[in-house]
Amino acid sequence: WFRARLDLQQWREEIEILDEELIRTAKWFETMSRRWKDLASREDEARQGFAEYAFQKSEMFAQRSTEASECLQWARTVHIKEKQTQRILNEPSLYT
């Protein structure tokens, strides 16, 4: 029983760590998207090709930020459902 309890605590801690990593990842992608967008806006005649490349990079990072945010939302939904299931399992049963 003690081993199972320890495993559960470690599993919950891992979920918290992964949650924070997803948050940081989404924020990093947002930051990189903004930086590339800023570089793209510094447009002059000689750097038009660079501006197009920077816009593409900005869009790529914006898309990845959205995907990371969606993964985070999905993970939180699954975690909430797990908590609800755990609460139900811990409630006293009519049959015991």
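Before reading on, note that the structure itself is shown above.
Residues numbered from 1 in each chain as written. Predicted model: local features only at pLDDT ≥ 70, side-chain atom pairs only at ≥ 80, totals over all residues. Heavy atoms only, no water.

An account of the overall build of the protein is requested, with residue identities and associated values reported.
The secondary structure content of the protein amounts to 2 helices and 0 strands. Taken across its 96 residues, the protein has 15% of its residues classed as buried. For the protein, restricting intrachain contacts to residue pairs at least 6 apart in sequence, the fraction spanning at least 24 positions comes to 68%. Counting every atom, the protein has about 8200 Å² of accessible surface; 55% of that belongs to carbon and sulfur. (Helix = DSSP H or I, 4+ residues; strand = E, 2+ residues; numbered from the N terminus. Buried < 20%, exposed > 50% of the residue type's maximum accessible area, 1.4 Å probe, protein only. Contact = heavy atoms within 4.5 Å. Areas by Shrake-Rupley, 256 points an atom, 1.4 Å probe, with all protein chains shown as cover.)

Could you give an account of the nonpolar core, naming the residues involved and the relevant values?
One finds Ala26, Phe29, Met32, Trp36, Ala40, Ala54, Phe61 and Ala68 forming the largest nonpolar core, which totals 8 residues. When contributions to this core are tallied by element, the ones reaching two or more residues are helix 1 (2-41) and helix 2 (48-90). If you tally residues by element for this core, the top one is helix 1, at 5 residues. In contact with Ala26, not counting residues within four places along its chain, are Ser65, Ala68 and Ser69. (Core = buried A, V, L, I, M, F, W, Y, C linked by side-chain atoms within 4.5 Å.)

Run through the packing of aromatic side chains, naming residues and quoting values.
According to the stated counting rule, one finds 5 aromatic pairs in the structure shown. Ring geometry for Trp36 versus Phe50: centroids 6.4 Å apart, planes at 45°, classification tilted. Here Trp36, found in helix 1, pairs with Phe50, found in helix 2; they are 14 residues apart in sequence, far enough to count as distant. Exposure remark for Trp36: the relative accessible area of 16% places this residue in the buried category. What makes Phe50 partly exposed here is its relative accessible area of 30%. (Phe/Tyr/Trp six-rings, centres within 6.5 Å; stacked < 30°, edge-to-face > 60°.)

Kindly report on the pattern of salt bridges, identifying the contributing residues and their values.
Under the definition given, this model contains 1 salt bridge. Its salt-bridge partner being Arg3, residue Asp7 comes within 3.5 Å of it at the nearest N-O pair. Here the residue Asp7 and the residue Arg3 both occupy positions in helix 1, the gap between them amounting to 4 residues, near one helical turn. According to the relative accessible area criterion, Asp7 is partly exposed, its value standing at 33%. (Salt bridge = Lys/Arg side-chain N within 4 Å of Asp/Glu carboxyl O.)

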